[in-house]
Amino acid sequence: MRVASIPAGAPFVDALAAGIWNMAREAAKDRDDPLALTRVTVLLPTRRAIRSLRDAFLRLGNGAPMLLPRLMPLGELDDDALLLEGEGAQEGGIDLPPAISGLRRQLLLARLVRQLGAQSLPETPDEAQSARLAEALARLLDEMQTERVDVAKLKDLAPEAFARHWQQTLKFLAILTEHWPKILEAEGALDPAARRNATLAAQAEFWRQHPPTGPVIAAGSTGSIPATADLLAVVASLPQGHVVLPGLDRAMPEACWRALLSDRRLASHPQFGLARLLDQLQVVRADVAEWPSDVATATPPARAALLARALDPMPDQQDDAPAAELPDPFEALAGVTRLEASGPQEEAGAIALMMRDAVEVEGQTAALITPDRDLARRVAAELRRWDIEVDDSAGQPLASTPAGALARLALAMLSDDLAPAALLAALKHPLASGGEKTVAFRDRARALEMAVLRGPRPTPGFAGLLSALRELAASRPKEKASAERLARWLEGLATAASPLCEALASREVPVETLLRAHAAWLEHLAADDERPGAARLWRGDDGEALAGFVAELAQAARDMPPMAGRAYPALFETLLAGRVVRPRYGAHPRLFIWGPLEARLQHADLTILGGLNEGAWPGDVGADPWMSRPMREAFGLPPPERRIGLAAHDFAQAFAAPRVALTRAQRVEGTPTVPARWLQRLDNLLLGLKAQDALQGGEQWLFWQQALDATDGPATPIPRPAPTPPVAARPRRLSVTQVETWMRDPYGIYARHILKLGALDPLDADPGAADRGNFIHDALDRFVKSWRADEASDAACERLLGFGREAFAPALDRPGVWAFWWPRFERIARWFVENESERRRMATPLAVEGRGELTLDGPAGKFKLIAKADRIDHLNDGRIAVIDYKTGGVPSKGDLERGLAPQLPLEAMMAARGGFEGVPGGEVAEIAFWRLSGGRPVAEVKQYDAPQFAADAYEGLLRLIAAFDDPATPYLARPRAEHAPRFSDYEHLARVKEWSASGEEGGES
């Protein structure tokens, strides 16, 4: 047997290429034979490794063209790559059914889940849930077939030995044991893992019977797949067969090595897989030679020895080893940088700086290796500040690309009945043009937003939007022409979307019909004034990937039963979620982002291991949703820690690179993180050796990252705005409600009355407090004016409800109003009728919604105060009462006494001076707040003596007028933070901080 290893510190593919080159030349009769390499067959783990080996041969030959060996990917062998050489080769290869496509398998399993899930699940899952369960089932099926465990053995697991929920799970897994094999047979296909096993077994058997005439080299595999390990065993037994292992630790103490072979609990060790592979190959570790190569190992052997000691599976047995036998930590860790950032953004910025610095040296390469996709995206984004596009081997999720996002948003827009947020997200997408210029289409979308989408949600669907536009045209003559143009534009969109809308509304519709209508709707949205939608939508990497997904889904969904149209959007999102797009060109040739799998056998001058936190690298093994640990062991599946062992081997290989940076974030999303176990064990070892400083040096990168966006010199704080407009520009007319704002937040008066700035209503808003108050006030106003003393209470209540229906009519078709506020108004109506009957015995209304004004003298001239009082009553004793209906909060007595709630006191002062129409001046006895919430309690009445409050409010208003008639008085934002208003439309303009209810300072607004 011929088994060799390439040490972790050597560039694997370069060393492999050099050894193959020398082997082929020595075996050839003519050392310069150009066909020498073609007689060699090389098996590598992945296609990416094959590409890397091709590049290594190119470097070895100094760029000269050459005929390469036959290169085959172990994990992706196909019929065309098999049984084509040597005596006894069969013409046409082997006869195996094709592998079923992943999407077809997921849909077929999802159908089984829907059909059979009701028997073992609490409730029947919908289409999207079924698809997610089917994906999990497919992963379990692949794992079982990869480990070559007979699925039928699931029946032999004794359910009575496990908890009840595991028994239910085993019943559910009957899908795989009883039903799935029949479906596969009907499909005439095999599961991908089963077909791979059969392919590898066929290749192994063929080579046993007909050994190839040339050298066969299997390199870079750890034999984690049993079928692969069997093929490696056959390769090692061939006359010219060689198995080349990556990073075998030949210096590990024998006791530790034996422990790896006997104890499954050590599956998380980086050498666990190699130990089991050598045991299967029946090769003693001492017989494994170093692969002959001219390529030097750039990393000092001490580093591998130090890491091996840190990850020792039996540290207790070596605690007495003298420190002199350990490598010098400072020598071993030369070229290794440790960086601990405060958060992911700082970590990504520092990594991007390292990579940017690396490419300053001509020909130098740098690679980030991380399983953390969020960190990879952050680093790629940071590199774009220097116009660098980096090759991310994991790709970008198709759902987040422009084409994929449009497919999701355009579908969500219709499935959500044109809800404002979903509608605008689709119409404002960069690809959305609707057959006209993109700018013009975007302008129409913005006009629609301002016309009917700001504020409460219109009635659902296109009909609701068109109705809202018609109402706008009728109520605002100046906007009629614009509303009519928007209506015509919207009708065109409705016509284009109608096939998909009808399909989504159907109770049963074929998936093919949904896909066809979906694609047509997307093409309509993507078309512009110059190109059809197909030419814009299906182009580029993401467009082609989306087209491939739609075509594959259409093929996979053939002969599937019809589904409810409403379930299609969630199913589409679920099936799209796992797809990625990998750009084919445009990336920097010397910078890379690799996942741990893609990084295997790769080499870079600077290797950055990022995201080294528990739960990220290594990932959290979590709990198996299908089997407990005892069940997995009884069934013959490997322990979950096996995946950690593979991750540990990847870490050990990358750690041996010449220059390495180890990075992690101390907090992620505000939560403290735990360093990866490998870092912890390294730290513990260095602490014992009193060499903690040997693994440092990342502070400078963090400093530069922070300085990258820093300004020159100390930051100059910008003061809050304190505008002092001329007196002539200052308002000379305010309402009593705005006087409170004038006191609490003068900047709000400045922004609204001087700058003339108005706040936009939010999208999809529940009717605001002002709208609800207006509806209720209008109904109560009409009822009080039409009071009938002889009317029965039930009839009066019904009449008030009638007024309410008319007042609420513009908003009753909005879900939030009908479901929440109308029931509250019904309770308010009953209370109000009862209260009004009692009120009429002691008072008579003088004014309802009474308008009033009062002119006051100020230093700069006349100042007009205006008001609209909800209700002014004439009491039986001849005095006056001023009442305010409140549908929200009521001012506290303390605010009234401090003059911070002047609205009702000022109205009382105006009433006493005859400032309201139809209300003769006189003594005001009381002010009262009627809080009409409709909740629990339905209503509250709070009464206060008016004279003193009115006098204080009058004096305070005069002082306020005098103060702001002084041109030096600024309009400050929240001059007294403890009395700041709870809400303000202008606080972001004033650059103030929010204050919580407890008075503590909050974050920047």
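Within every chain, residues take consecutive numbers counted from 1 along the sequence as written. Predicted model: local features are reported for residues with pLDDT of at least 70 only, side-chain atom pairs are reported and counted for 80 or more only, and whole-chain, interface and lining totals are derived from all residues. Side-chain measures here rest on the full set of heavy atoms in the structure, leaving out hydrogens and waters.

Novice: Would you mind showing me how to read the sheet that holds strand 1 (residues 3-6) here?
Specialist: Note on sheets: strands pair through backbone hydrogen bonds, and any given pair is parallel or antiparallel. Should DSSP find at least two bridges between two strands, the strands are regarded as paired. The helix count covers DSSP runs of H or I at least four residues long, the strand count covers runs of E at least two residues long, and both are numbered beginning at the N terminus. Read from one edge of the open sheet, 6 strands run 3-2-4-5-1-6, paired in parallel fashion. Looking at the sheet topology across the chains shown, the edges are occupied by strand 3 (70-73) and strand 6 (289-290). With 2 bridges connecting them, strand 1 and strand 6 associate as parallel partners. Of the residues in strand 6, the one forming a bridge with Ser5 is Glu290. Working rule for contacts: check all heavy atoms of both residues, and any pair within 4.5 Å makes them a contact. In this analysis an axis means a line fitted to C-alpha atoms, helices contributing only their contacting stretch, and an angle means the value between N-to-C directions, from 0 to 180 degrees. Strand contacts of helix 10 (residues 272-281): strand 1 and strand 5 (241-246), with the helix running at about 160° to strand 5, the strand carrying the most contacts.

Novice: Looking at this structure, I do not really get the nonpolar core. What am I missing?
Specialist: Soluble globular proteins: nonpolar side chains tend toward being buried together. Grouping buried Ala, Val, Leu, Ile, Met, Phe, Trp, Tyr and Cys residues that are joined through side-chain atoms within 4.5 Å yields what is termed a nonpolar core. Buried means the residue's accessible area, taken with a 1.4 Å probe over protein chains only, is under 20% of the maximum for its type, while exposed means over 50%, and partly exposed covers the values in between. Ranked by internal contacts, the top residues of the largest apolar core, which has 98 residues, are Met144, Leu427, Leu448, Leu546 and Phe549. Residues contacting Leu427, with those up to four places away along its chain left out, are Met413, Ala432, Phe441, Arg442, Ala445, Leu448, Trp489, Leu493 and Leu525. Among the nonpolar cores identified, the runner-up in size contains 47 residues, and Ala867, Ile872, Phe916 and Ala973 belong to it.

Novice: For this particular structure, what's the right way to read the sheet that holds strand 13 (residues 606-609)?
Specialist: Pairing is parallel across the open sheet formed by 6 strands, whose spatial order is 7-14-13-8-12-9. The open sheet has two edge strands with one neighbour each: strand 7 (336-341) and strand 9 (391-392). Pairing analysis gives 2 bridges linking strand 9 to strand 12 (residues 591-594), with the strands arranged parallel. Bridge pairing in strand 12 links Asp391 to Phe592.

Novice: Help me understand helix 23 (residues 568-576), please; the structure alone is not making it clear to me.
Specialist: What sets the pattern is the α-helix's 3.6 residues per turn: residues three or four places apart point alike. Counting buried residues along helix 23, 7 of its 9 residues qualify, which places the element largely inside the surrounding structure. Residues of helix 23 that are buried: Tyr568, Pro569, Leu571, Phe572, Thr574, Leu575 and Leu576.

Novice: How do you make sense of empty space enclosed by the protein when you look at a structure like this?
Specialist: Which parts of space are left empty comes out when a probe the size of a water molecule is rolled across the atoms. The rule is simple: put a 1 Å grid over the protein atoms alone, call a set of points where a 1.4 Å probe fits but cannot get out a cavity, call an open set with protein on both sides within 12 Å along at least five of seven lines a pocket, and count a residue as lining if it has an atom within 4 Å of a point. Grid points are joined across faces, edges and corners, and a volume is the space filled by probe spheres set on the points. Inspection of the entire model under this criterion finds 6 cavities of 30 Å³ or more. Here the largest cavity is characterised by a volume of approximately 60 Å³. Forming the walls of the largest cavity are Thr222, Ala267, His269, Pro270, Phe272, Gly273, Leu274, Arg642, Gly645, Leu646 and His649. Per element, the largest residue contribution to the lining of the largest cavity is 4 residues, and it comes from helix 26 (residues 641-655). For the lining of the largest cavity, the per-class residue count stands at 5 nonpolar, 5 polar and 1 charged. Charged residues are taken to be Asp, Glu, Lys and Arg, nonpolar residues to be Ala, Val, Leu, Ile, Met, Phe, Trp, Tyr, Cys and Pro, and polar residues to be all remaining types, Gly included.

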